[in-house]
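Now for the letters of each chain:
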Amino acid sequence: MKIMELTELYNQGKKAMLAADYGFFIQGVETGWVLKNNRTVMDSYALRQRAINGPETADTKTTVLEETLLAPVIMSAMTMPIPAMAQNGLFKVSRALKRAGSMMWTGSPMPKELSELVCKGAPHIQSVKCYADREKILRKIEHCREAGVRWVGIEVDTGQGTKVHDRIIASDCRPPSLDFLRKVRDMTPGKLVFKRVLSKEDAALSLEAGADAVMVSNHGAHTIDYLPHPLQVLPEISRVIRGRIPIFVDGGFRRGTDVFKALALGADLVGLGRPVLYGLAADGEEGVFQVINQITLELKRVMVMTGVDCIEKITPDCLLKLGGQ
Ligand SMILES: Cc1cc2nc3c(=O)[nH]c(=O)nc-3n(C[C@H](O)[C@H](O)[C@H](O)COP(=O)(O)O)c2cc1C
């Protein structure tokens, strides 16, 4: 069996998706600035090589919110368009993530097979949108509890004007109040992650509402143009969080080197959206496994070359900020 390396997997998967009806999901909002900026920010850091007295190997394992993963890399919230891309697509993705020692995060719509995914597949997170109908949110959280979901993600932004080019795909959402988020906290068994926090103010309110973790995310360029990349706001958010809860990031992370940069700048976990879809489109379950596995192996090589033998030792000193960015 020929194993495709990451660039080939991504190219093949992207081509297949763009040729299909659901291809528009992988594009960006309006002018496409967010997608461009994601890459520009990531490319504005280089790695500081440390060779002498360096470790011979490195351990990519990490434990976050009591879940041990082979590397700090998980799938970001997505359900659409996985069932349309492959028969039993959600199960294929879940099995691949489990084999790779990772975690699955599903979004909207909530999969009808949620409890089966939770019980047979990779550790599972389920997102709930901030619907204007607050009872609907509480019903969805109750459904997560019944399905045995251990982590729930509440999407604190409203996705207003969500569109991909000119296709409006927004749900009917309303901004949450601090009181409502506290209620969600009380209702949610297990861990509660606040997704799409992009400012120090929202980070402070997330702490106040009792979040177990925040996911710093520009929603993969699916809401409005000119939202920053998570690495651009990570410093202000880290200053507020001060290590009290883990910080997750997603948006444009594609390689082990990208993941390393996020960890160096203070993230605890990195989410991948489109790469999981590309892996599935290019080579089914094996493709998804290869995406996570190759990123994990690349991260390990980068750690050895930068002189760190475990995740906790990756610090800002491992990076070089390039000029002019
Ligand atoms: C097809 C697709 C569907 C998505 N659905 C959701 C969703 O239901 N809920 C959510 O919070 N984010 C959703 N997202 C955003 C992702 O969770 C994630 O934030 C983003 O894709 C990360 O960027 P990346 O694709 O560049 O890795 C979706 C993204 C894509 C590409």
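What you see is a predicted model; the values in this text were computed from it and never measured. (Residues numbered from 1 in each chain as written. Predicted model: local features only at pLDDT ≥ 70, side-chain atom pairs only at ≥ 80, totals over all residues. Heavy atoms only, no water.)

**A look at the overall build of the chain**
Alright, step 1. Scanning the chain for helices and strands turns up 11 helices and 14 strands.
Alright, step 2. Considered along the principal axes of its C-alpha atoms, the chain spans approximately 60 × 45 × 40 Å.
Alright, step 3. Within the chain, the proportion of its 325 residues that are buried is 56%.
Alright, step 4. If you take every contact in the chain between residues at least 6 apart in sequence, the share linking residues at least 24 apart comes to 71%.
Alright, step 5. Total accessible area on the chain is roughly 14200 Å²; 51% of this is exposed by carbon and sulfur atoms. (Helix = DSSP H or I, 4+ residues; strand = E, 2+ residues; numbered from the N terminus. Buried < 20%, exposed > 50% of the residue type's maximum accessible area, 1.4 Å probe, protein only. Contact = heavy atoms within 4.5 Å. Areas by Shrake-Rupley, 256 points an atom, 1.4 Å probe, with all protein chains shown as cover.)

**Some points on empty space enclosed by the protein**
Alright, step 1. The final tally for this structure, using the stated rule, is one cavity of 30 Å³ or more.
Alright, step 2. Surrounding the largest cavity, Gly107, Ser108, Pro109, Met110, Gln126, Ser127, Val128, Lys129, Tyr131 and Lys140 form its lining.
Alright, step 3. Per element, the largest residue contribution to the lining of the largest cavity is three residues, and it comes from strand E6 (residues 124-128).
Alright, step 4. Residues belonging to the lining of the largest cavity are distributed by class as follows: four nonpolar, four polar and two charged. (1 Å grid on protein atoms, 1.4 Å probe; cavity = no way out; pocket = protein on both sides within 12 Å on 5 of 7 lines; lining within 4 Å. Points joined across faces, edges and corners; volume = space filled by probe spheres on them. Nonpolar A, V, L, I, M, F, W, Y, C, P; charged D, E, K, R; others polar.)

**Section: the UniProt feature "binding site: glyoxylate" (unreviewed entry) in the chain**
Alright, step 1. The UniProt record annotates "binding site: glyoxylate" (unreviewed entry) at His219.
Alright, step 2. Of note, His219 is situated in the loop between strand E11 (213-217) and helix H9 (230-241).
Alright, step 3. Under the relative-accessibility criterion, His219 is labelled buried at 17%.
Alright, step 4. With residues up to four places along the chain from it excluded, the contact list for His219 reads Lys129, Asp157 and Arg196.
Alright, step 5. Of the polar contacts made by the side chain of His219, one reaches the side chain of Arg196; its length is 2.9 Å. (UniProt positions renumbered as here; feature names shortened; annotations may be inferred. Polar contact = N/O pair within 3.5 Å; in protein donor to acceptor, adjacent residues only side chain to side chain.)

**Describing the site of the ligand**
Alright, step 1. Taken together, the neighbourhood of the ligand is formed by 25 residues, with Ala77, Lys195, Asp250, Arg254 and Arg274 sitting nearest.
Alright, step 2. Within the side chain of Arg196, an N or O atom sits 2.9 Å from an oxygen atom of the ligand.
Alright, step 3. Gly273 places a polar main-chain atom, nitrogen or oxygen, 2.8 Å from an oxygen atom of the ligand.
Alright, step 4. When isolated, the ligand has an accessible area of 600 Å², and the protein chains bury 97% of it.
Alright, step 5. Among the elements of the structure, strand E10 (191-197) and helix H11 (274-305) are those that each provide at least two residues to the shell around the ligand.
Alright, step 6. Counting residues per element, the shell around the ligand draws most heavily on H11, at three residues.
Alright, step 7. Counted by class, the shell around the ligand contains eight nonpolar, 10 polar and seven charged residues. (Near = heavy atom within 4 Å.)

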